[in-house]
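Understanding the architecture of this molecule
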Amino acid sequence: MTAEIIDGKAFAAGLRARVAEQVAALTADNEAGGAGGGLRPGLAVVLVGDNPASEVYVRNKARQTLEVGMRSFEHRLEASTSQGELLALVERLNRDPAVHGILVQLPLPEQIDAAAVINAIDPAKDVDGFHILNAGRLATGQDALVPCTPLGCLMLLQARFGDLSGQRAVVLGRSNIVGKPMAQLLLGANCTVTLAHSRTRDLPAICREGDILIAAVGRPRMVEAGWVKPGATVIDVGINRLEPETPGGKGRLVGDVDFDAVRQVAGAITPVPGGVGPMTIACLLANTLTAACRATGRAAPKLL
Ligand code: GUN
């Protein structure tokens, strides 16, 4: 069997187009002085320090925010910024009515407590879905802003299967950003979920139980063909840059899945790059649109 390749890049382009359409309608309403009062959603991105990978993400976020017609506010702070200075900026953004979404790029320098900063963001503007209130809402099945990468994975799965009820899903990786919210989302979609991690006994056998396997461990090409149930759908969240000296490496980007081997076994698989990655920013824009609509008493549009 050779797996179907799930084209996350194309799906993300479609999602961005639907977001842009909604933004255009909201803004036109503004310019016409419509009865509902107009609205241009705004996203503030905060980058502390000069981590090169974070630089690339932040630049892409800002570009795509503008491309869908939203306002983009970029705040770049020195690596030596204190927690107090960052909290003061977050407070300012919380109060700014032009800002509907706030994203503080992680990782933060070590003098800053990331949890304290995330939990200082107004939960209604927490478009990353990392605030403890949004995490709790997701875990208890209440309306929440949901972390972008797992939301993107869920959208790809729902586009493929429709209803996910009864599927066996294995999530490999237990981070707050991907693994835990991914497991919650799949549970909410009526999957039977196993959350596996580095201490899980007999990881290959556990992974092989999944009709759906989500790999989010950050270890290049860790998931081998023998870890995958024949015909399973494999979602690869990993983005790992190989060292130039790695055989076949040359600094190339690979996922957490050995793509060439696993595609011989799986029913469908996301590539790296071009799979989950583009969905993350598209979902960030969708969350910003949702936050802006809710902040102004509008119903959040359905984007699927
Ligand atoms: N760093 C890596 N991924 C993310 C993300 O989704 N959000 C934020 N804020 N930082 C990140």
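Residues numbered from 1 in each chain as written. Predicted model: local features only at pLDDT ≥ 70, side-chain atom pairs only at ≥ 80, totals over all residues. Heavy atoms only, no water.

A short note on the overall build of the protein
From N to C terminus, the protein includes 10 helices and 11 strands. Relative to a compact globule of 304 residues, whose C-alpha radius of gyration would be 19 Å, the protein shows 20 Å and is just as compact. For the C-alpha atoms alone, the extent of the protein along its principal axes is close to 60 × 45 × 35 Å. With 304 residues in all, the protein has 47% of them scored as buried. The contacts in the protein between residues at least 6 apart in sequence include a share of 66% that link residues at least 24 apart. As presented, the protein carries roughly 13800 Å² of accessible surface, and 52% of it is formed by carbon and sulfur atoms. Distance between charge centres in the protein, computed from 30 positive and 30 negative side chains, equals 3 Å. (Helix = DSSP H or I, 4+ residues; strand = E, 2+ residues; numbered from the N terminus. Rg over C-alpha atoms; globule rule 2.2 N^0.38 Å. Buried < 20%, exposed > 50% of the residue type's maximum accessible area, 1.4 Å probe, protein only. Contact = heavy atoms within 4.5 Å. Areas by Shrake-Rupley, 256 points an atom, 1.4 Å probe, with all protein chains shown as cover. Lys, Arg positive; Asp, Glu negative; His and termini not counted. Charge placed at Lys NZ, Arg CZ, Asp CG, Glu CD.)

Here we look at the site of the ligand
Around the ligand sit Leu 103, Val 104, Gln 105, Leu 106, Asp 128 and Phe 130, and that is every residue in its neighbourhood. Backbone polar atom of Val 104 to a nitrogen atom of the ligand: 2.8 Å apart, as the coordinates give it. (Near = heavy atom within 4 Å. Polar contact = N/O pair within 3.5 Å; in protein donor to acceptor, adjacent residues only side chain to side chain.)

Re the pattern of salt bridges
The full count for this structure, using the stated rule, is 7 salt bridges. For Glu 55, the salt bridge is made with Arg 76, and the minimal N-O distance between the two is 2.9 Å. Linking Glu 55 in helix α2 (residues 52-67) with Arg 76 in strand β3 (residues 71-77), this pair joins segments that are 21 residues apart in sequence. Judged by relative accessible area, which is 42%, Arg 76 ranks as partly exposed. (Salt bridge = Lys/Arg side-chain N within 4 Å of Asp/Glu carboxyl O.)

Let's talk about the state of the cysteines
Tallied over the full model, the rule gives 0 disulfides. Unpaired in terms of disulfides, Cys 148 finds its nearest cysteine sulfur in Cys 283, a separation of 6.3 Å. Note on Cys 148: relative accessible area 5%, which makes it buried. (Disulfide = S-S within 2.5 Å.)

Topic: the sheet that holds strand β8 (residues 233-236)
Read from one edge of the open sheet, 6 strands run β1-β11-β8-β7-β5-β6, paired in parallel fashion. Edge positions in the sheet fall to β1 (4-5) and β6 (192-196), since each has one partner strand and no second. The pairing of strand β5 (residues 168-172) with strand β7 (residues 212-215) spans 4 bridges and is classified as parallel. From the neighbouring strand, Ala 169 faces β7, where its bridge partner is Ile 212. Across the sheet, helix α6 (residues 148-161) touches β1, β7, β8 and β11 (268-269), and the angle it forms with β8 is around 155 degrees. (Pairing = 2+ DSSP bridges. Axes fitted to C-alpha atoms, helices over the stretch in contact; angles between N-to-C directions.)

Observations regarding the packing of α2 against helix α10 (residues 277-295)
Interaxial distance between α2 and α10 falls to 10 Å at its minimum, and their mutual angle equals 50 degrees. The angle between the axes of α2 and α10 places the two elements in the oblique class. Considering how the two elements wind past one another, α2 and α10 form a crossing that is right-handed. Packed against α2, whose contacting residues are Asn 60, Lys 61, Gln 64 and Thr 65, the element α10 presents Ile 281, Leu 284 and Leu 285 at the interface. Considering only residue class, the contact of α2 with α10 consists of 3 nonpolar, 3 polar and 1 charged. (Parallel < 35°, antiparallel > 145°, perpendicular 65-115°, else oblique. Left-handed = near helix turned anticlockwise from the far one by under 90°. Nonpolar A, V, L, I, M, F, W, Y, C, P; charged D, E, K, R; others polar.)

Topic: the packing of α6 against helix α7 (residues 179-188)
Axis separation between α6 and α7 bottoms out at 9 Å; the angle between their running directions is 35 degrees. Crossing handedness for the pair α6 and α7: right-handed. Residues Pro 150, Leu 151, Cys 153, Leu 154 and Leu 157 of α6 touch α7, and the partners they reach there are Pro 181, Met 182, Leu 185 and Leu 186. Residues that form the contact of α6 with α7 fall into these classes: 9 nonpolar, no polar and no charged.

Let's talk about the pairing of β6
For β5 and β6, the ladder comprises 5 bridges, and the chain directions are parallel. Note that in β6 the partner of Val 171 across the bridge is Leu 195. As a crossover connection, the stretch from β5 through α7 into β6 is right-handed. (Right-handed = clockwise from strand over helix to strand, strands pointing away.)

Observations concerning the sheet that holds strand β2 (residues 42-48)
Strand order in the open sheet made by the 3 strands is β3-β2-β4, with parallel pairing throughout. Sheet topology places β3 and β4 (101-104) at the edges, where each strand pairs with a single neighbour. On average, each strand axis in the sheet is tilted by 15 degrees relative to the strand beside it, whichever way the strands run. In terms of strand pairing, β2 meets β4 through 4 bridges, oriented parallel. What sits directly across from Leu 43, in β4, is Gly 101.

Observations concerning unusual backbone geometry
In this model, Leu 106 is joined to Pro 107 through a cis peptide bond whose omega is 0 degrees. Here Pro 107 lies in the loop between β4 and α4 (114-118). The omega torsion across Val 272 and Pro 273 is -5 degrees, close enough to zero to call that bond cis. Structurally, Pro 273 is set in the loop between β11 and α10. Here Asn 190, not a glycine, exhibits a phi torsion of approximately 70 degrees, which is positive.

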